[in-house]
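# Breakdown of the fold
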Amino acid sequence: STKQSTSAQRGEKAFGEGGCGGCHVIGKVSSGPDLTGVLQRHGKDSEKWVSDFILHPEKMYDEPYVKSMIDYFNLKMPNQHMNKDETKDIIEYLKWVDDNANLF
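The structure presented is a predicted model; accordingly, all values stated were derived computationally and were not measured.

### Looking at the pattern of salt bridges
- Enumeration over the complete set of coordinates arrives at 5 salt bridges.
- A salt bridge links Asp89 to Arg10; the nearest nitrogen and oxygen atoms lie 2.9 Å apart. Taken together, the residues Asp89 in helix α4 (residues 84-99) and Arg10 in helix α1 (residues 6-17) connect sequence positions 79 residues apart.
- Accessibility expressed as a relative area gives 9% for Asp89, which makes it buried.
- Put simply, Glu47 and Lys95 hold a salt bridge, and the shortest N to O gap is 3.2 Å. With a gap of 48 residues between them, Glu47 in helix α2 (residues 46-55) and Lys95 in helix α4 connect regions that are remote in the sequence.
- Overall, the relative accessible area of 38% leaves Glu47 in the partly exposed class.

What follows is the structure, given as structure tokens:
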């Protein structure tokens, strides 16, 4: 694997301390979806989409994709009250995950 940037390291820490791992397990489906590849699933604005969802998930519950995830997993992502810097770092961590997951 490649070395994590400082931002990705902070993002992994925020992911762990913020409770994300309670539902999301990198590399497998748990009580929430696997986040490996999440930045490829939402088109050219995927970083904004993921950031918006982390910061204010409740505002996105009615979006078709999010609704399908709520229906499938039978739970809604709670607002973990991440700030913008933590969210940016989590996205850098997810980029690092994708870069090291041999997705393509």
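### A word on α1
- Taking 1.5 Å per residue, 12 residues should reach 16 Å; α1 reaches 16 Å between its end C-alpha atoms and fits that length.
- Residues of α1 that are buried in the fold lie against α4.
- Positive phi shows up at Gly19, right after α1, with a value of about 90°.

### Some thoughts on the side chain of His42
- Structurally, His42 is set in the loop between α1 and α2.
- Classification of His42 as buried rests on a relative accessible area of 15%.
- Setting aside residues no more than four positions away along its own chain, His42 makes contact with Trp49 and Tyr65.

### With respect to the packing of aromatic side chains
- Using the criterion set out here, one finds 5 aromatic pairs in the structure.
- Aromatic pair Tyr93 and Trp96: ring centres 6.3 Å apart, planes at 15°, arrangement stacked. In this pair, Tyr93 and Trp96 both sit in helix α4, 3 residues apart, roughly one turn of the helix.
- Taken together, the ring pairs connect Phe15, Tyr93 and Trp96 into an aromatic cluster.

### Let's talk about the environment of Gly11
- With respect to the helices and strands, the residue Gly11 is situated in helix α1.
- Measuring from C-alpha to C-alpha, the distance between Gly11 and Ser51 comes to 12 Å, with 40 residues separating the pair along the chain.

Reading guide: rules and limits
- Residues numbered from 1 in each chain as written.
- Predicted model: local features only at pLDDT ≥ 70, side-chain atom pairs only at ≥ 80, totals over all residues.
- Heavy atoms only, no water.
- Salt bridge = Lys/Arg side-chain N within 4 Å of Asp/Glu carboxyl O.
- Helix = DSSP H or I, 4+ residues; strand = E, 2+ residues; numbered from the N terminus.
- Buried < 20%, exposed > 50% of the residue type's maximum accessible area, 1.4 Å probe, protein only.
- Expected span 1.5 Å × (residues − 1).
- Contact = heavy atoms within 4.5 Å.
- Phe/Tyr/Trp six-rings, centres within 6.5 Å; stacked < 30°, edge-to-face > 60°.

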